[in-house]
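Read off the chains here:
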Amino acid sequence: MFQKVIKSSLYGLAAILIAVFFHYLGWLSPVESAVTFVFSPVEQVGYHLSLGIGDWYNSWIKKRDLLSENEKLRQEAVKLALDTARLKSLEEENALLKKELNFVDENKFKYVAAKITTGVSDPLSQSVIINHGAKDGIERDLAVIADDGVLVGKISDVSDDYSKVRLLSDNQSRVAATIENLDHTVGLVEGQYGLSFSMTNIPQNQEINSGNLVVTSGLEGKIPKNLLIARVESVEAVESEIFKTAILRPIIPLSTLSDVVVIIP
Amino acid sequence: MIMKFRTPLLILAIIILVWLQLAVEGSIGFLHGRVNLVLAALVILVNLAPRPLAVIFGVACGLLLDVYSGLPFGVLTAVLFVVTVIVEVLFINFFTNFSLYSLVSLGVIGSIVYNILFLAIVALLYFLGYFSFLPFGDYGWKILWQIFSTGAIMLLAYFAINRASRQFKPMFLK
């Protein structure tokens, strides 16, 4: 019995080594593309089903806090109504959001509209798989926006018929960004353990306020300038350190995406 | 009858399980990283199926999952393969009596081994420069959840299979 296990294990090991070797030579990519192509409709059903379950769970959890949150929002609304000084910045925000809404058309960028077929299979990544790949002109590191013009991630891996999109909340995600404040502070938006994201490498002398918008800086060749990323929620500054960090709040929830647009500059 | 359709059934089971696993991981919500259906099925298969089938299942599922993985290709296959071998060795030598505690123990041990191996490979990739972070904080809770959920799936699977078939009837020495 034990020998049988050893024998089957050796065969299994050989199969893995051959598969990994063939994968890195690229010989497996037609098979991988065929697999994703054939299963993509079924995966889409599963993905949307799980999103539905997730939504139901979240709404159920949120119900508990609904009353207190509602009260808090009322107070915030009163404050906002009284704070006329903020009116100007809100108007600017509104103008920027409107600009982002028609971003693709206004800027005449080439783009590929794609559907998210599924998430990824490992627990560490915050990525999704879309149904377009190299055949449609998609390359690594291109910007991926949600259909209302907000950057949601970057292309991390491309195959002929599908691509992997690393979402902004992924720990390995890095995007060069600018804060829409007086100094136009430049920094790096990084994912935070799949939960949220923050902007790092901000010099201590820069003035950043909660509510400031964060957009792409255009320093990365494949990502256009002024794509909306997030809003500043709070700022963490330690006097003894050279840089401070801004905690960002996503404009749209990254967990409920279904359609995205890949911008080809 | 089942033997005749063993291969198509195995392929179908692999596809359905990988699909379900992707749907669970893809939700990116509460279940992300907290449930491992493929691992649970693998442990059940070690208990029920003739010998090479679990290894074939583990390798095939691993390869399919690797196509959809954000990690370097081969990581999930290697982890699933080693877990299969370890669970098989444990099953043959220590957990042979098809009892509830044997199945739950194998599930829990399999889940612990899976996560240790997974973290070890990720750490190795990190130090070799192929991966840019080490999982901390929230991931520890995910591991605990995964161990718990695998044990719970084993529990449910035991009673379901025990009631529905002649499998999992405990054998104790008299």
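Every value quoted in this text rests on a predicted model; they were computed, and no experiment measured them.

## Considerations on the overall build of chain A
From N to C terminus, chain A includes five helices and 12 strands. Across the 265 residues in chain A, those meeting the buried criterion constitute 43%. Within chain A, contacts between residues at least 6 apart in sequence are counted, and of these 57% link residues at least 24 apart. Just so you have it, chain A exposes about 14,500 Å², and 58% of that area is on carbon and sulfur atoms.

## Description of the sheet that holds strand E9 (residues 213-216) of chain A
Residue and element names in this part refer to chain A. In space, the six strands of this closed barrel follow the order E6-E7-E8-E11-E10-E9, with antiparallel pairing throughout. On average, each strand axis in the sheet is tilted by 45° relative to the strand beside it, whichever way the strands run. The pairing of strand E8 (residues 196-203) with strand E11 (residues 243-250) spans five bridges and is antiparallel. Paired with Pro203 across the strands is Phe243, a residue of E11.

## With respect to a nonpolar patch on the surface
All names here are of chain A. On the surface, a cluster of nonpolar side chains totalling about 480 Å² of accessible area is made up of Phe2, Ile6, Leu10, Leu13 and Leu17. Among the secondary structure elements, Leu17 is positioned in helix H1 (residues 2-25). Using a relative accessible area of 57% as the deciding quantity, one classes Leu17 as exposed.

## Section: the confidence of the model for chain A
Low-confidence regions, as indicated by low pLDDT, have predicted coordinates that should not be scrutinised in detail. A residue-level look at chain A finds 87% of positions with pLDDT of 70 or above and a mean pLDDT of 79. When the elements of chain A are averaged for pLDDT, helix H5 (residues 103-107) of chain A gives the smallest value, 60, and strand E4 (residues 151-158) of chain A the largest, 90.

## What about the packing of helix H2 (residues 37-48) of chain B against helix H3 (residues 51-67) of chain B?
Residue and element names in this part refer to chain B. Axis separation between H2 and H3 bottoms out at 9 Å; the angle between their running directions is 170°. With respect to H3, the element H2 is oriented roughly antiparallel. Between H2 and H3 lies a crossing of right-handed hand. In this structure, H2 contributes Val38, Ala41, Leu42, Leu45 and Val46 to the contact, and H3 contributes Arg51, Leu53, Ala54, Phe57, Gly58, Cys61 and Leu65.

## A few points about the pattern of salt bridges
All names here are of chain A. Per the counting criterion, the structure on display carries eight salt bridges over all chains. Lys115 serves as the salt-bridge partner of Asp259, at 3.0 Å between the closest nitrogen and oxygen. Placement of the pair is Asp259 in strand E12 (residues 259-264) and Lys115 in strand E1 (residues 110-119), with a sequence separation of 144 residues. Residue Lys115 is classed as partly exposed on the basis of its relative accessible area, which comes to 36%. Of the charged contacts, one joins Arg166 and Asp170 as a salt bridge, the two residues approaching to 4.0 Å between their closest N and O atoms. For Arg166, a relative accessible area of 22% translates into the label partly exposed.

## Observations concerning the pairing of strand E3 (residues 143-146) of chain A
Residue and element names in this part refer to chain A. Neither face of E3 is left uncovered, since the one carrying Ala143 and Ile145 and the one carrying Val144 and Ala146 both have all their residues buried. Pairing of E3 with E4 involves three bridges; the strand directions are antiparallel. Following the sheet pairing, Ala143 is matched in E4 by Lys154. In terms of strand pairing, E3 meets E12 through four bridges, oriented antiparallel. Bridge pairing in E12 links Ile145 to Val261.

Definitions and limits used
- Along each chain, numbering runs from 1 in the same order as the chain's sequence is written.
- Written order determines the labels here, with chains lettered from A and ligands numbered from 1.
- Local features in a predicted model are, by the rule used here, given only for residues with pLDDT of at least 70; side-chain atom pairs are given and counted only at 80 or more, and totals for whole chains, interfaces and linings are based on all residues.
- Values reported for side chains reflect all heavy atoms of the structure, with hydrogen atoms and water molecules removed beforehand.
- Helical segments are the DSSP runs of H or I of at least four residues, strand segments are the runs of E of at least two, and each set is numbered from the N terminus.
- Buried residues are those whose accessible area, probed at 1.4 Å on protein chains only, stays under 20% of the maximum for their type, while exposed residues exceed 50% and partly exposed ones sit between those limits.
- Any two residues having at least one pair of non-hydrogen atoms within 4.5 Å are treated as being in contact.
- Here the open area of atoms and residues is found with the Shrake-Rupley method and a 1.4 Å probe, where only the protein chains shown may cover a residue.
- Whether two strands pair comes down to DSSP finding at least two bridges between them.
- Interaxial angles span 0 to 180 degrees and are taken between N-to-C directions of axes, which are lines fitted to C-alpha atoms, for helices over the stretch in contact.
- What makes a patch is a set of residues exposed beyond 30% relative accessible area and free of salt bridges, joined within 9 Å when like-charged and within 5 Å when nonpolar (Val, Leu, Ile, Met, Phe, Trp, Tyr).
- Salt bridge, as applied in this entry: a Lys or Arg side-chain nitrogen positioned within 4 Å of an Asp or Glu carboxyl oxygen.
- Per-residue confidence from the predictor is reported as pLDDT, a score between 0 and 100.
- Angle categories are assigned with fixed cut-offs, so that under 35 degrees is roughly parallel, over 145 is roughly antiparallel, 65 to 115 is roughly perpendicular, and the rest are oblique.
- Helix crossings fall into two classes, left-handed where the near helix is turned counterclockwise from the far one by less than a right angle and right-handed where it is turned clockwise.

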